[in-house]
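# Structure at a glance
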Amino acid sequence: MDAKVVVVGSLNMDLVARAQRLPRGGETLAGDSFFTVPGGKGANQAVAVARLGASVAMVGNVGDDAYGQQLRKALEVEGVDCRGVGICPGVSSGVALIVVDAASQNAIVIIAGGNGLLTPESVQRFDALLQQAEVIICQLEVPAETVAWTLARGRELGKTVILNPAPATGPLPAGWYAQLDYLIPNESEAEALTGVAVTDLDSARRAGEQLIKLGAGKVIVTLGAQGALFVDGQGDRHFPVAPVNAVDTTAAGDTFVGGFAAGLARGLSLNDAIVFGQRAAALSVTRAGAQPSIPYLRELAP
Ligand code: RIB
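Residues numbered from 1 in each chain as written. Predicted model: local features only at pLDDT ≥ 70, side-chain atom pairs only at ≥ 80, totals over all residues. Heavy atoms only, no water.

The name an unreviewed UniProt entry gives the protein is Ribokinase, with Pseudomonas oryziphila as the organism. In its Subcellular location (unreviewed entry) section, the UniProt record describing the protein reads: "Cytoplasm". The record in UniProt for the protein states the following under Function (unreviewed entry): "Catalyzes the phosphorylation of ribose at O-5 in a reaction requiring ATP and magnesium. The resulting D-ribose-5-phosphate can then be used either for sythesis of nucleotides, histidine, and tryptophan, or as a component of the pentose phosphate pathway." (UniProt positions renumbered as here; feature names shortened; annotations may be inferred.)

Taken in spatial order, the nine strands of this open sheet run E5-E4-E1-E8-E9-E10-E11-E12-E13, and their pairing is mixed. Of all strands in the sheet, those with a lone pairing partner are strand E5 (81–88) and strand E13 (235–239), marking the two edges. Where strand E1 (residues 5–8) meets strand E8 (residues 135–138), four bridges bridge the pair, whose relative direction is parallel. Across the sheet, Val8 pairs through a bridge with Cys138, a residue of E8. (Pairing = 2+ DSSP bridges. Helix = DSSP H or I, 4+ residues; strand = E, 2+ residues; numbered from the N terminus.)

Attention shifts here to the UniProt feature "binding site: K(+)" (unreviewed entry) in the protein. UniProt's entry tags Asp248, Thr250, Ser284, Arg287, Gly289 and Ser293 with the feature "binding site: K(+)" (unreviewed entry), counted in the numbering of this structure. Of the residues just listed, which span 46 residues, no C-alpha pair is farther apart than 9.3 Å, and they cluster in one region. The subset of the named residues that lines the largest pocket consists of Thr250. As for its position among the elements, Thr250 is in the loop between E13 and helix H8 (252–265). Given the relative accessible area of 7%, Thr250 is considered buried. In contact with Thr250, other than residues within four places in its own chain, are Asp14, Ile98, Val100, Asn106, Gly289, Ala290 and Ser293. For Ser293, the position within the fold is in the segment after helix H9 (270–284). When near neighbours in sequence (up to four residues on either side) are disregarded, Ser293 contacts Thr250, Ala251, Ser284, Arg287 and Ala288. (1 Å grid on protein atoms, 1.4 Å probe; cavity = no way out; pocket = protein on both sides within 12 Å on 5 of 7 lines; lining within 4 Å. Buried < 20%, exposed > 50% of the residue type's maximum accessible area, 1.4 Å probe, protein only. Contact = heavy atoms within 4.5 Å.)

The computed volume of the largest pocket comes to approximately 1200 Å³. Lining the largest pocket we find 46 residues, and of these Asn186, Thr249, Ala251, Ala252 and Gly253 sit closest to its centre. Among the elements of the structure, strand E2 (12–18), helix H1 (41–51), strand E6 (94–100), strand E7 (106–111), helix H6 (187–194), H8 and H9 are those that each provide at least two residues to the lining of the largest pocket. When the residues that make up the lining of the largest pocket are grouped by side-chain class, the tally is 25 nonpolar, 15 polar and six charged. (Points joined across faces, edges and corners; volume = space filled by probe spheres on them. Nonpolar A, V, L, I, M, F, W, Y, C, P; charged D, E, K, R; others polar.)

Here it is, written out as C-alpha cells:
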C-alpha cells in the first residue's frame, strides 16, 4: 500500500532516568528509575501517524548496532514502511539521554549517530515514496541540508509540507518558510525562531504573526496545558485542551504532529485535525516514555 504520509527524520534509542528534579551543572543526583525505549522525533511522529490511522513511511538512518535493529523493529511492528531506513556501518544509532522530573518536565541530550549521516542523496533515493505521498513531515534532528532538500522537493511535488522545528537553536534559514504549508513549533521553538518569549496566547500570537510574515503558510504554536494557537494570514484561533494528569511530556509534541498529519491524510478538516492531534497528545502525556506513550486510534473516544 502506498504511504500517504512520509516522515523524513531521526530515530533514537531513549535512555530515560526519572528523578525528583533535574540535576544542576556539576551535580550528581540519585534518580528513581531507568528504562530504555524507542524514540527520536521522526520515528515518534511516524509511529503516531501509524497508530492514529494513516499509512506512513519513514526515511532515516540507524547505526549498525543492537539499538538500530530494535528501532527499526519498533517501527515495523506498527506497520511503518521502513524501506527508507538505512543502516550506517561503523556508526552508532542515535541516542537520547532523557531525565524526567517529578513535575513531568524533561531535559534531553541527543547524540546524532546515524541520524547525522542522512544526506539529501539518501532521501532522494526514496523519491518514489515522496512522489506517492500526500503529506511530508520533517523535524530538525537530521542535517539541515537534508531538511532543506526535503522541504523543497515536497513543495516542488505539490505535497502538504509540515516542519516541526524541533529542536530549534535559532532562526530558520529564510528560504525555508516559503516551502512550508504548516510550521508547528512549541513555545521554546517559537521563541528560538522569532526572539519572542512565548508564555501565553498573546506572545504566541505575536510569534505566529512574525512567522507568517517570514513566509510560513500556516503556523500552529503548541502551548502544552494552554492548548494550541493556529495563526495564518487571516487571523488566529485558539484550541484549548482539557486538563490531564501529566506523567511524562516526552513525545507529546511528536504525537500532536503525527496525529495532525494522520488527520489531514484521513481527510479531516484543518480544525478537526488539530483537535484530533491534541486529543492524542493529551493521552500521551498521561503515560511514560516516547513511543510507548503514543495512543492508538481505538483509544480515542469517538
Ligand atoms: O520529542 C521527543 C524525542 O526527542 C525523544 O524520543 C528523544 O529521542 C528526542 O529526540
